[in-house]
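# Topology and contacts: notes
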Amino acid sequence: MAFSYLDNKENDWVVDGRYNVMPKQKAKVDQDSKNDIYYLYSEFSNGKKLEGGKGAV
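Cut-offs applied
- Residues numbered from 1 in each chain as written.
- Predicted model: local features only at pLDDT ≥ 70, side-chain atom pairs only at ≥ 80, totals over all residues.
- Heavy atoms only, no water.
- Helix = DSSP H or I, 4+ residues; strand = E, 2+ residues; numbered from the N terminus.
- Buried < 20%, exposed > 50% of the residue type's maximum accessible area, 1.4 Å probe, protein only.
- Contact = heavy atoms within 4.5 Å.
- Areas by Shrake-Rupley, 256 points an atom, 1.4 Å probe, with all protein chains shown as cover.
- Pairing = 2+ DSSP bridges.
- Axes fitted to C-alpha atoms, helices over the stretch in contact; angles between N-to-C directions.

A count of helices and strands for the chain gives zero helices and four strands. Of the regular secondary structure in the chain, the N- to C-terminal order runs β-β-β-β. Looking at the chain residue by residue over its 57 residues, the buried ones come to 14%. If you take every contact in the chain between residues at least 6 apart in sequence, the share linking residues at least 24 apart comes to 36%. Accessible surface, the chain as shown: approximately 5000 Å² in total, 49% of it carbon and sulfur.

As structure tokens, this is what we get:
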């Protein structure tokens, strides 16, 4: 899973690394963002993908 957010000060997207989450597990991702404009991209072991979010293109 990769998570990015819009940095209002620099008006640029920040990618905060990649996170591995094991099947049937949960993960909390803490981001240092002052707004709610984000983009999420995930790939699953079965080949499915999930992407989007507020600010997604």
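Strand order in the open sheet made by the four strands is β2-β1-β3-β4, with antiparallel pairing throughout. At either end of the open sheet lies a strand with only one pairing partner, and these are β2 (12-18) and β4 (49-52). With strand direction ignored, the average angle separating the axes of adjacent strands in the sheet is 15 degrees. The pairing of strand β1 (residues 2-7) with strand β3 (residues 38-43) spans four bridges and is antiparallel. By the bridge assignment, phenylalanine 3 is partnered in β3 with leucine 40.

Keep in mind these values describe shape, not function.
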